Amino acid sequence: VYVVSDLPVIADSDVAAITLIAQVAEGGNAGVEGVVINSDDNGRISPAGVYSNGANNVAAGSSNSNPDTLAMETVFNEPPGADPEDVGSDLSTDIAGNGQHSDSGAYQVTPPVILSKSVLVLDTLGGNDPHPGSTLRYTLNVEVVGNVAINDLVINDLIPANTTYTAGSMSLNGIAQTDAADAPADFSRAIDILSLPVTGIEVDLSQGGTVAVSPGVNNVIIFEVTIN
């Protein structure tokens, strides 16, 4: 038995948890699941809840009054869940002898690309005061995580308000990039250097869709602006 789960709408690094609960049921005809057994002949009741027998949703939790006889008995004898995260239908710990057994799992949603950005202030006096005329040097670190390469990875960043892009300041992994859209000389550009002011930069790490960006490699993009 396995569970196929749609990816939930959650934020990066949130954890999605799934619990699969098996409920005992009577034997059914070929291709038809049997009805849920709510309690055994010793009066142990399966937790209340709504379960599916494959055709209809049925409620569990109502006791029967079948006395013990010498004939065949219904006895809940399943063990408790072996792991702390195993739970019953009421999300409490999976206990022994309640007609259910469960298993739980969880997965963490992480982005395929991790991008971080930092800034270094270089002022006109050799310090780090962000006054007019000072330079802001931005560094973008881009890394593909996991074990699958990413196609068509293009990084865009806006020039901050009240600053002016420093022509020719862009680099990728220590290699100077031209501001013009002149691939295949390089696959970076200042948007739009032909009609100033420049409003952003673009770096195509996939080189026009011809290269898959491998995981585990940190790509470093640097560009500078001047405070107006």
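Cut-offs applied
Residues numbered from 1 in each chain as written. Predicted model: local features only at pLDDT ≥ 70, side-chain atom pairs only at ≥ 80, totals over all residues. Heavy atoms only, no water. Helix = DSSP H or I, 4+ residues; strand = E, 2+ residues; numbered from the N terminus. Buried < 20%, exposed > 50% of the residue type's maximum accessible area, 1.4 Å probe, protein only. Contact = heavy atoms within 4.5 Å. Pairing = 2+ DSSP bridges. Axes fitted to C-alpha atoms, helices over the stretch in contact; angles between N-to-C directions. Salt bridge = Lys/Arg side-chain N within 4 Å of Asp/Glu carboxyl O. Core = buried A, V, L, I, M, F, W, Y, C linked by side-chain atoms within 4.5 Å. Phe/Tyr/Trp six-rings, centres within 6.5 Å; stacked < 30°, edge-to-face > 60°. Lys NZ or Arg CZ within 6 Å of the ring centre and 35° of its normal.

**Observations concerning the overall build of the protein**
Part 1: When helices and strands are tallied, the protein shows zero helices and 13 strands.
Part 2: Secondary structure elements in the protein, listed N-terminal to C-terminal, are β-β-β-β-β-β-β-β-β-β-β-β-β.
Part 3: Out of the 228 residues belonging to the protein, those deemed buried represent 30%.
Part 4: Contacts in the protein between residues far apart in sequence, at least 24 positions, make up 56% of those at least 6 positions apart.

**Side note on the sheet that holds strand E7 (residues 154-158)**
Part 1: On the basis of which strands lie adjacent, the open sheet formed by three strands has the order E7-E12-E11 and antiparallel pairing. Strands at the two margins of the open sheet, each flanked by one partner only, are E7 and strand E11 (188-191). Neighbour-to-neighbour, the strand axes of the sheet open up by a mean angle of 15°, direction not taken into account.
Part 2: Where E7 lies against strand E12 (residues 200-204), five bridges are found, and the strand directions are antiparallel.

**Brief notes about the environment of Ala212**
Part 1: Structurally, the position occupied by Ala212 is in the loop between E12 and strand E13 (218-227).
Part 2: Between the alpha carbons of Ala212 and Leu153 there is a distance of 8.1 Å; along the sequence they are 59 residues apart.
Part 3: Apart from the residues lying within four places of it in its own chain, the contact partners of Ala212 are Ala149, Ile150 and Asn151.

**Remarks on the pattern of salt bridges**
Part 1: According to the stated counting rule, one finds three salt bridges in the structure shown.
Part 2: A salt bridge links Asp157 to Lys117; the nearest nitrogen and oxygen atoms lie 2.8 Å apart. Of the two residues, Asp157 is situated in strand E7 and Lys117 in strand E5 (residues 113-122); the sequence distance between them amounts to 40 residues.
Part 3: The salt bridge partner of Glu202 is Arg189, with a shortest N-O separation of 3.0 Å. Taken together, the residues span a long stretch of sequence, with Glu202 in strand E12 and Arg189 in strand E11 at a distance of 13 residues.

**Let's talk about the nonpolar core**
Part 1: Grouped together as the largest cluster of nonpolar side chains are 22 residues, with contacts concentrated most on Tyr165, Ile201, Leu205, Ile221 and Phe223.
Part 2: Those elements giving two or more residues to this core turn out to be strand E6 (135-144), E12 and E13.
Part 3: Here this core takes five residues from E6, the largest share from any one element.
Part 4: For Ile201, the contacting residues outside a window of four places in its chain are Ile155, Asn156, Asp157, Ile159, Tyr165, Met170, Arg189, Ile191, Ile221 and Phe223.

**Structural notes on the packing of aromatic side chains**
Part 1: Considering all chains together, one arrives at one aromatic pair under this definition.
Part 2: Aromatic side chains Tyr138 and Phe223 sit 5.4 Å apart centroid to centroid with 25° between the ring planes, which places their arrangement in the stacked category. Note that Tyr138 is positioned in strand E6 and Phe223 in strand E13, a separation of 85 residues in sequence.
Part 3: For Tyr138, a relative accessible area of 12% gives the class buried.
Part 4: Look at Phe223 and you get buried, because its relative accessible area is 0%.
Part 5: Residue placement shows Lys117 over the ring face of Tyr138; its charged tip is 4.6 Å from the ring centre.

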